[in-house]
Amino acid sequence: MYGVFRVDKINNTHKMYGIEKHVERRNNTSNTNPQINRAQSSKNYDLHDKFDETFVRQVKKRLKEAGITKTRKDAVLLSELLFSASHEFFENMSSQEIRQYFQKCYDWVCKKYGKENVVSAMVHLDEHTPHMHIMLVPITKEGKLAHNTLFDGKKVMRELQTETHEKIFSEYGLERGQPKEETQKKHLTTYQWKKEQAEKMKDLSFDIKEMIMKKYQLQDEIDQLEKQKDNSEIIQTRKHLQEVTSRLNEMMKTLESDPELLKYYKIINREIKQAQNRNTDEREL
């Protein structure tokens, strides 16, 4: 079983309003995420001090307090820190034990990045696996707004994965999480832990399409190489084809293991095809 710690960035107010609506479950009639059990949403809770203000207002207020009066147009205003663990880790835990686990994660973030920079720490219990979204204004100890300094880069994230394991996950017997650049399941893990954001499903659809196209391309290359009797290139290309096929099978296996996700994937895939057909028709006109 693994501990989970991932980071995403929000660089404009439009995205900020969208993530707030999702985290706070503001739109109770939305069906964009088939994994949300609305009957259980009342069990969600925020470990951070509650404010009546929106994320946007809280961020603006925090920037003003920190003396940050100007920001770049593409500046990351909020960092989203996701904490969770393998699903089986939570299966025999009481609600209090689950709360204690996320409280430990929250306390670590407050100590490392400053409680004054935390906007929200919402625990979601209405999806398949309990998880917590911590929304953080990425202000450094030097008083600069700098998400990249705090979270960007392989070295930084590798060190953070190690630190979260030492400070949090190891106490629960969880294994160290793997940075996405260290695993061959880059698209798979991104999908698994960010599927709650509906637009991410489109990314997976395109990833699968690209994998299928790459698979066909490699098969064609092998056919050409066999005609040329280039055995050295054939071996290397076949190895690449095997890797692509393996990753594609992993992504499809994940979808097929969950009927609701497979259903939603087919809907998104159909919408993508319709959009592509519309673009083709427009070009022909």
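Note that the structure is predicted; figures quoted are calculated from it, not measured.

**Digging into the pattern of salt bridges**
Then, number 1: Inspection of the entire model under this criterion finds 10 salt bridges.
Then, number 2: Between aspartate 126 and arginine 25 there is a salt bridge; the shortest N-O distance is 2.8 Å. One end of the pair, aspartate 126, is in the loop between strand S4 (118–124) and strand S5 (131–136); the other, arginine 25, is in the loop between helix H1 (13–23) and strand S2 (45–46), and 101 residues separate them in sequence. With respect to burial, aspartate 126 and arginine 25 carry one shared label: buried.
Then, number 3: The partner of arginine 72 in a salt bridge is aspartate 74, and the shortest N-O contact between them spans 3.1 Å.
Then, number 4: The network of salt bridges with shared partners includes Arg25, Asp126 and Glu127.

**Some remarks on the packing of aromatic side chains**
Then, number 1: Counted by the stated rule, this structure contains 13 aromatic pairs.
Then, number 2: Geometrically, the ring pair formed by phenylalanine 90 and tyrosine 101 is edge-to-face, given 5.8 Å between the ring centres and 80 degrees between the ring planes. Of this pair, phenylalanine 90 sits in helix H3 (residues 87–90) while tyrosine 101 is found in helix H4 (residues 95–113), placing the two residues 11 residues apart along the sequence.
Then, number 3: According to the relative accessible area criterion, phenylalanine 90 is buried, its value standing at 6%.

**Things to note about a negative patch on the surface**
Then, number 1: Where like charges cluster on the molecular surface, the negative patch consists of Asp220, Glu221, Asp223 and Glu233.
Then, number 2: Per-element accounting of the negative patch gives the leading share, 3 residues, to helix H8 (residues 198–228).

**Here's the deal with the nonpolar core**
Then, number 1: Of all hydrophobic cores here, the largest spans 32 residues; its most connected members are Leu81, Phe83, Tyr101 and Met132.
Then, number 2: Elements with a minimum of two residues in this core: strand S1 (3–10), strand S3 (78–85), H3, H4, S4, S5, helix H5 (147–151) and helix H6 (154–167).
Then, number 3: Ranked by residue count, the leading element in this core is H4, at 9 residues.
Then, number 4: What leucine 81 contacts, discounting residues up to four positions off in sequence, is Phe5, Arg6, Val7, Val109, Tyr113, Met132, His133, Ile134, Leu136 and Phe151.
Then, number 5: Judged by nonpolar contacts, the second largest core, of 16 residues, contains Val23, Val56, Ile68 and Val137.

The rules behind each value
- Residues numbered from 1 in each chain as written.
- Predicted model: local features only at pLDDT ≥ 70, side-chain atom pairs only at ≥ 80, totals over all residues.
- Heavy atoms only, no water.
- Salt bridge = Lys/Arg side-chain N within 4 Å of Asp/Glu carboxyl O.
- Helix = DSSP H or I, 4+ residues; strand = E, 2+ residues; numbered from the N terminus.
- Buried < 20%, exposed > 50% of the residue type's maximum accessible area, 1.4 Å probe, protein only.
- Phe/Tyr/Trp six-rings, centres within 6.5 Å; stacked < 30°, edge-to-face > 60°.
- Patch = residues over 30% accessible without salt bridge, like charges linked within 9 Å, V, L, I, M, F, W, Y side chains within 5 Å.
- Areas by Shrake-Rupley, 256 points an atom, 1.4 Å probe, with all protein chains shown as cover.
- Lys, Arg positive; Asp, Glu negative; His and termini not counted.
- Charge placed at Lys NZ, Arg CZ, Asp CG, Glu CD.
- Core = buried A, V, L, I, M, F, W, Y, C linked by side-chain atoms within 4.5 Å.
- Contact = heavy atoms within 4.5 Å.

Interpretation note: all reported values are geometric properties and have no functional meaning in isolation.
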